[in-house]
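# Summary of the model geometry
Chain by chain, the residues run as shown.
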Amino acid sequence: MKTACVVLAAGLGKRMNSDLPKVLHRICGIPLLQSVLNSVDGVKPDRIVVVAGDHIGKIKENIDSPGVLFAVQPGAKGTGDAVRCALPVIGDFRGDVLILNGDTPLVRPETIKKFLRRHRKDGNELSVLSFKAADPSGYGRIVRDASGEIEAIVEDRDADPVRKRISEVNSGLYAVRRDALALVGEIKLNRSKGEYYLTDLVSQALLKKMKTSAYPVGAEEEFMGVNTREELRRASDILRRRIIAGWTKKGVDFMDAGSVFIHYNVSLGRDTVIYPNVYIEGRTRLGRNSTVYPNVRILDSNIGREVVIKDSTLIENATVGDRASVGPFAHIRPGSQIGREAKVGNFVELKKTVLGAKSKASHLSYLGDAEIGNGVNIGAGTITCNYDGKEKHVTRIGDGVFVGSDSQLVAPVRVGKGAYVGAGSTITQDVPAGALAISRSRQKNIWGWVRKRSKTGTKNTKKKGKE
């Protein structure tokens, strides 16, 4: 049977105290709504409809789920009204419709699948996913009759003392046959709140003698709604621990899992070792047998196999080849590419620079807008002077070049294959292949200068004393 999904994302999230729509607040690198959509993908739905309000444009810009359809809910008139707004977009779809909230980012794909299987196995027209809450206050209670079948969902504010003690509560996740969704139009306005509640769909279905069930199939933490910054922090921590546990099962070692932050879309290779206080973010790919030492942050980068990232290094939107070494205290800026077995050492900054295979820049260098070949040695203190105040220019260094320490290469300039640049040189013209380039003033030694200076200083001191 076909499946469609409706994700309710029109809430303003006023308690977040933010200009950002609630469902776009991020959890482990992705929006809350994206986390829900990723879980929904697990059932391979034929159609996904996101219901949003005035912020629909921002949502479209910030989610990465091709093929998602959108419905607009004008005004905040409740969850029942939100589903009603989705009906024209669902159109003539025939099958089961899953309804979820866009602010419950922790629901697992396996839980949704299990719930949907039970809904279909029992031939229900409407099913509710429930869970046992340690503290049920604030949730709608699942009220069952003497035979154990669902009798109603009673909101917390409407529950009497007996019903308030019920621990089985509504998760807000429903499975509904498409034909049964017509009942949304019969939901009455809750006058005290001025909203239409989707929970009333259950009472409508029971009134029509439709087969309806509630299934407690998930863990409580999966249905945690995010309405405040504190809840966002708690949800982020739960997902972070899940991610780390998942990579641990796949063969990644974490020296201190409690201090490591791995984003949802990151990929880690087997037998990689992650030290404490490491942040691996965005869509970073890290190859097998690599080591990431403490205080490192890697964002949206491709890191090869057997790579060593040393302490206190920042890598952004860059590529690092197999068996390369980076750091400590290195900054690899966007657009940079480090070749296989290359070395970028302490206090070296690369900006939009290609560093070839087995090349090395071991200390205290700035290499910006540079194309550096294979087997090149960049001496300590070398910089490429890439900016003339208006435009950036490129420095090109051929294979096998040796650049001595404290050299400045003033772009645009080219150093040919196998050339040498003498230490302390300022290179403003192209260097031919195999040539030695030296650009510095001749050294002058003045014999006895220190002794003469010392005597002069003593005499001057004495004169000053007499005065």
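Data block above holds the structure.
## Focus: a positive patch on the surface
On the surface, Lys44, Lys113, Lys114, Arg117, Arg118 and Lys121 cluster together into a positively charged patch. Mapped onto the elements of the fold, Lys114 is located in helix H4 (residues 109-121). You can call Lys114 partly exposed: its relative accessible area is 40%.

## Examining the sheet that holds strand S35 (residues 395-397)
Spatially, S14-S17-S20-S23-S26-S29-S32-S35-S38 is the arrangement adopted by the 9 strands of the open sheet, whose pairing is parallel. The open sheet has two edge strands, strand S14 (267-268) and strand S38 (413-415), and neither has a second partner. Both S35 and S38 contribute to a ladder of 3 bridges, which runs parallel. Bridge pairing in S38 links Thr395 to Val413.

## Let's talk about the pattern of salt bridges
Taken as a whole and assessed by the stated rule, the structure comprises 20 salt bridges. A salt bridge links Asp156 to Lys164; its shortest N-O distance comes to 3.5 Å. Among the salt bridges present, the one from Lys208 reaches Glu186, with a minimum N-O distance of 3.7 Å. Here the residue Lys208 occupies a position in the loop between helix H6 (200-207) and strand S11 (212-216), and Glu186 occupies one in the loop between strand S10 (168-177) and H6, the gap between them amounting to 22 residues. Classification of Glu186 by relative accessible area gives partly exposed; the value is 32%. Residues joined in a network through salt bridges with shared partners are Asp96, Arg120 and Arg177.

## A closer look at the sheet that holds strand S27 (residues 343-346)
Strand order across the open sheet formed by 11 strands is S12-S15-S18-S21-S24-S27-S30-S33-S36-S39-S41, with parallel pairing between neighbours. A strand with exactly one partner marks an edge of an open sheet, and here the two such strands are strand S12 (253-254) and strand S41 (436-437). Relative to strand S21 (residues 308-309), strand S18 (residues 291-292) runs parallel, the two being bridged by 2 bridges. Residue Val292 lies in a different strand from S21, and its bridge partner there is Ile309.

## A short note on the environment of Arg163
Turning to its location among the elements, Arg163 is positioned in helix H5 (residues 161-164). Taking the C-alpha atoms as reference points, Arg163 and Ile142, 21 residues apart in sequence, are found 8.9 Å from one another. Residue contacts for Arg163: discarding those within four places in its chain leaves Arg141, Val143, Glu151 and Val154.

## Observations concerning the packing of aromatic side chains
In this structure the tally under the stated criterion is 7 aromatic pairs. Pairing Phe115 with Tyr215 gives two aromatic rings, centres 6.4 Å apart and planes at 65°, and the pair type is edge-to-face. With Phe115 in helix H4 and Tyr215 in strand S11, this residue pair connects regions lying 100 residues apart in the sequence. As far as the burial class goes, Phe115 and Tyr215 line up, both buried. The interplanar angle of 5° and the centroid separation of 5.0 Å between the aromatic rings of Phe329 and Phe347 together place this pair among those described as stacked. Within this pair, whereas Phe329 is found in the loop between strand S24 (325-326) and strand S25 (331-332), its partner Phe347 is found in the loop between S27 and strand S28 (349-351), the two being separated by 18 residues in sequence. What makes Phe329 partly exposed here is its relative accessible area of 41%. Connected via pairs of aromatic rings, a cluster forms that spans Phe131, Tyr139 and Phe223. The ring of Trp247 is capped by Lys250, whose NZ or CZ atom sits 4.8 Å from the centre of that ring. The ring of Tyr387 carries Lys392 above its face, with NZ or CZ at 5.4 Å from the centroid.

What counts as what
- Residues numbered from 1 in each chain as written.
- Predicted model: local features only at pLDDT ≥ 70, side-chain atom pairs only at ≥ 80, totals over all residues.
- Heavy atoms only, no water.
- Patch = residues over 30% accessible without salt bridge, like charges linked within 9 Å, V, L, I, M, F, W, Y side chains within 5 Å.
- Areas by Shrake-Rupley, 256 points an atom, 1.4 Å probe, with all protein chains shown as cover.
- Salt bridge = Lys/Arg side-chain N within 4 Å of Asp/Glu carboxyl O.
- Lys, Arg positive; Asp, Glu negative; His and termini not counted.
- Charge placed at Lys NZ, Arg CZ, Asp CG, Glu CD.
- Helix = DSSP H or I, 4+ residues; strand = E, 2+ residues; numbered from the N terminus.
- Buried < 20%, exposed > 50% of the residue type's maximum accessible area, 1.4 Å probe, protein only.
- Pairing = 2+ DSSP bridges.
- Contact = heavy atoms within 4.5 Å.
- Phe/Tyr/Trp six-rings, centres within 6.5 Å; stacked < 30°, edge-to-face > 60°.
- Lys NZ or Arg CZ within 6 Å of the ring centre and 35° of its normal.

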